[in-house]
Every structure is written in structure tokens, then in C-alpha cells.
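Chain residues, written in single-letter form:
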Amino acid sequence: AQKITQTQPGMFVQEKEAVTLDCTYDTSDQSYGLFWYKQPSSGEMIFLIYQGSYDEQNATEGRYSLNFQKARKSANLVISASQLGDSAMYFCAMREKGNQFYFGTGTSLTVIP
Amino acid sequence: DVKVTQSSRYLVKRTGEKVFLECVQDMDHENMFWYRQDPGLGLRLIYFSYDVKMKEKGDIPEGYSVSREKKERFSLILESASTNQTSMYLCASTRDSGRADEQYFGPGTRLTVT
């Protein structure tokens, strides 16, 4: 079974609008961490936001927020007020006990002027 | 700032060649990782290392080996390159096994095997 599922291969959003990128995960651990990364066309992976499984509040970092629904095992990324520079691939990842990270297949976001 | 560097951004090799991809991090991180990234498949873990001379297989280790002789350096070795190893290779490191510690990535090496 896939540990991380991102069901949206590609998304479009109008500049200045908000967009939600979906991520569901599969784990039997009680303690785990969820991450979102951005990968622009230049190729580098940029860490955006982190959510711990015991965190009661949804994580926020500037225009990024993580909509964490533990019972549904979902960790959707919300980008508010989209900018042209937000056009990139976005990856959801999970870390359970131990050292391994699991990544989804990514969502390609295009911001339309 | 953590810096993870990779020896080459672009590499072209011939089938059957032995290929070395080098990764160096400058923040004394315990854990280092090698991924390959292919369109539609996301990042797939090849190997990771949690200490010097320690390594563990990831999801797709076949055709690859690794070496970690020093804490800051993690090498990926393609013993006999094949065309199906044409891919983007990403190296990453993390501070320790705490779940909150994000991975820091290098810029990637785009390898073409002809």
C-alpha cells in the first residue's frame, strides 16, 4: 500500500486565489511527522511546512497552512493568495519512527496570471 | 544555513560505465539519503545511512551501492550503468531521527546513460 497518496497530478489556480493540494497518508504509528516540499523547475527541493501527529493546531508558515485531519489521515496544503512564483511541483512526505521518509508522487501547480 | 552539495548537476555516461555520485553536507547530520526522481513516480529511496559505515537499503537498491566513510560524505555508486538508470538523483540529509527534522536536499544530479 502507498504510504503517501497525492491524487492530483496537476492543478491550476488563478493568481491571488487560494488553492488546496491534497495528501493522504497511511500509517499505524501514533507518532509521525508530515512535511510539504516545493520543487521549482530549477530542481531544488524546498521545505515548506511541518505537522506533527500530536500537534493540535494546524501548522502555518506565511501563506502556507496545513489542513491536518488525523481521523481522515489527510494533510492537505493550502496556499493562500497564489503568486506566479508558486508554480512548481509540490510533494507531501511522511516520517514514521526510524529514519525513512516516504514521498508522494507530487502535484504540479500552475498559477495563471 | 545547511548546505548539501552534489558533485555534478549534469552527467552523461555510457552503458556499462561505473558511475560515482558524491554528496557532501556541512552540518554534521547523522542521516543521509539517496533518492531517484522520475516523472509520475515521485521520489524513491535508493539507500540511506544513519551513521558512518552504516547503510540500509531503500525501496529500489538494485543496481546501486553506497559508501559512507566520513560523516559528511555519502556516495552513490552505479556499478555498471544502464539506460534505465537515466534519472534525476537527489541527495538529502537530516540532523537526527526526530520526526520533526526535515530533510535538506542537494541541487540534484541529472544523469543520462546512453
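The coordinates are above.
These lines cover the structure that appears in this document, whether it is placed above or below. (Residues numbered from 1 in each chain as written. Chains lettered and ligands numbered in written order. Predicted model: local features only at pLDDT ≥ 70, side-chain atom pairs only at ≥ 80, totals over all residues. Heavy atoms only, no water.)

Here the focus is the interface of chain B and chain A. Taken together, the contact between chain B and chain A spans 25 residues of the former and 22 residues of the latter. For the pairing of chain B and chain A, the buried interface totals around 1800 Å² over both sides, and the portion due to carbon and sulfur atoms is 55%. The interface formed by chain B and chain A holds 0 salt bridges in total. Every element with two or more residues in the side of chain B that touches chain A is listed here: strand 4 (31-38), strand 5 (42-51) and strand 9 (87-94) of chain B. At 5 residues, the largest contribution of residues to the side of chain B that touches chain A is made by strand 5 of chain B. Considering only residue class, the side of chain B that touches chain A consists of 11 nonpolar, 8 polar and 6 charged. (Contact = heavy atoms within 4.5 Å. Buried area = accessible area lost by both parts, 1.4 Å probe. Salt bridge = Lys/Arg side-chain N within 4 Å of Asp/Glu carboxyl O. Helix = DSSP H or I, 4+ residues; strand = E, 2+ residues; numbered from the N terminus. Nonpolar A, V, L, I, M, F, W, Y, C, P; charged D, E, K, R; others polar.)

All names here are of chain A. Going through the model one piece at a time under the given rule, you end up with 2 disulfides over all chains. What pairs with Cys23 in a disulfide is Cys92, and their sulfur atoms sit 2.0 Å apart. The disulfide joining Cys23 to Cys92 has a torsion of about -60° about its S-S bond and is therefore left-handed. Residue Cys23 is located in the loop between strand 3 (19-21) and strand 4 (24-25), and its partner Cys92 is located in strand 10 (residues 88-95); the two are separated by 69 residues in the primary sequence. Judged by its relative accessible area of 0%, Cys23 is buried. Residue class for Cys92 comes out buried when judged on its relative accessible area of 0%. (Disulfide = S-S within 2.5 Å. Buried < 20%, exposed > 50% of the residue type's maximum accessible area, 1.4 Å probe, protein only.)

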